[in-house]
Amino acid sequence: MTDIVAVYGSPRRKGNTATLLRRSVQGARDEGAEVEEVILRDLNMSPCLEIYACKKTGRCAIQDDFQGLYDRFLACRGVMLASPMFFYTVSAHTKIMMDRCQSLWVKRYWVEKKPFGSPDAGRKGLFISVGATRGKRLFDGSLLTVRYFFDALDMVLWRSLLYRGLDFQGDVDGCPEYLDEAYQSGRDLAREIQRTD
Ligand SMILES: Cc1cc2nc3c(=O)[nH]c(=O)nc-3n(C[C@H](O)[C@H](O)[C@H](O)COP(=O)(O)O)c2cc1C
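One structure accompanies this document, and this report is about it. (Residues numbered from 1 in each chain as written. Predicted model: local features only at pLDDT ≥ 70, side-chain atom pairs only at ≥ 80, totals over all residues. Heavy atoms only, no water.)

### Digging into the overall build of the protein chain
- A tally of regular secondary structure across the protein chain gives seven helices and five strands.
- Of the regular secondary structure in the protein chain, the N- to C-terminal order runs β-α-β-α-α-β-α-α-β-α-β-α.
- A compact globule built from 197 residues should have a C-alpha radius of gyration of about 16 Å, and the protein chain, at 16 Å, falls within 12% of that.
- Along the first, second and third principal axes, the C-alpha set of the protein chain runs to 50 × 35 × 30 Å.
- A total of 197 residues make up the protein chain; the buried ones form 47% of that total.
- A total accessible area of about 9,600 Å² is found for the protein chain, and carbon and sulfur atoms account for 52% of it. (Helix = DSSP H or I, 4+ residues; strand = E, 2+ residues; numbered from the N terminus. Rg over C-alpha atoms; globule rule 2.2 N^0.38 Å. Buried < 20%, exposed > 50% of the residue type's maximum accessible area, 1.4 Å probe, protein only. Areas by Shrake-Rupley, 256 points an atom, 1.4 Å probe, with all protein chains shown as cover.)

### Some thoughts on the pattern of salt bridges
- The full count for this structure, using the stated rule, is 15 salt bridges.
- Across the pair Glu31 and Arg187 runs a salt bridge, and its minimum N-O distance is 2.7 Å. Here Glu31 is found in the loop between helix 1 (16–30) and strand 2 (35–39), whereas its partner Arg187 is found in helix 7 (residues 176–195), with 156 residues between them in sequence.
- For the salt bridge of Asp151 with Arg108, the shortest nitrogen-to-oxygen distance reads 3.5 Å. With Asp151 in helix 6 (residues 140–152) and Arg108 in helix 5 (residues 102–111), this residue pair connects regions lying 43 residues apart in the sequence. Considered together, Asp151 and Arg108 belong to a single accessibility category, that of buried residues.
- When salt bridges that share partners are traced, they join Glu31, Arg159, Arg187, Asp188 and Arg191 into one network. (Salt bridge = Lys/Arg side-chain N within 4 Å of Asp/Glu carboxyl O.)

### Description of the site of the ligand
- The environment of the ligand is made up of 17 residues, and the closest members are Ser10, Arg12, Thr17, Thr133 and Asp167.
- With respect to the ligand, the backbone of Met85 contributes an N or O atom lying 2.8 Å from an oxygen atom.
- At a separation of 3.0 Å, an oxygen atom of the ligand approaches a polar backbone atom of Tyr88.
- Burial of the ligand by the surrounding chains reaches 78%, relative to a free accessible area of 640 Å².
- A breakdown of the residues in the shell around the ligand according to their chemical character gives nine nonpolar, six polar and two charged. (Near = heavy atom within 4 Å. Polar contact = N/O pair within 3.5 Å; in protein donor to acceptor, adjacent residues only side chain to side chain. Nonpolar A, V, L, I, M, F, W, Y, C, P; charged D, E, K, R; others polar.)

### Focus on helix 4 (residues 92–100)
- Every buried residue belonging to helix 4 is among Thr94, Met97, Met98 and Arg100, and all of these are buried. One side of helix 4 carries all its buried residues, which in axial view fall inside an arc of 160°.
- Close packing links the buried residues of helix 4 with strand 1 (4–8), helix 3 (66–75), strand 3 (78–84), helix 5 and helix 6. (Arc of directions from axis to C-beta. Contact = heavy atoms within 4.5 Å.)

Here is the structure:
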């Protein structure tokens, strides 16, 4: 079974967030975790259409590539999510996926009637993001979004790696300390989810 799902949310295949996430994936694999990589731009995924068929079973009714991701999110123990900052929030590819996870929110809170909050502390999310600018509040909006995205997945936002001043493809290659931190975070996440088995 897949331990960790790694979600690439940038439209750039070799962009800064993709490079960082690949390092985290390598770290987790070196620690023995089974990691499945998902590249959002390769998936055929509609935005949420708010038909709320998920109210009956907790499953989204739209038949596209989200269906497979839904099953992976339910089965795994950890998620790594990487998205660049686009207009002070996550990329459109990432947000479309997040909105489809409203079905998981509905499953958890309306179908299974779990109490609000208190996600499973053994299930953990790692968020990786970069932005071109250096403002203090660059990641503020996205952190709230990501925190509640992980909550819908019954996961805690365990760690965020947020890097400013990276714009052009390849910029992160000049920051070995960021790449090391991403690698180490992958190792740490793999250890954390094993420890709570
Ligand atoms: C549509 C778009 C919106 C962006 N909005 C922001 C922004 O609000 N703040 C910022 O600091 N950088 C912004 N950027 C710059 C990206 O965050 C930056 O280029 C980043 O390194 C891209 O990451 P990637 O290589 O993983 O795709 C934007 C870039 C694009 C294409």
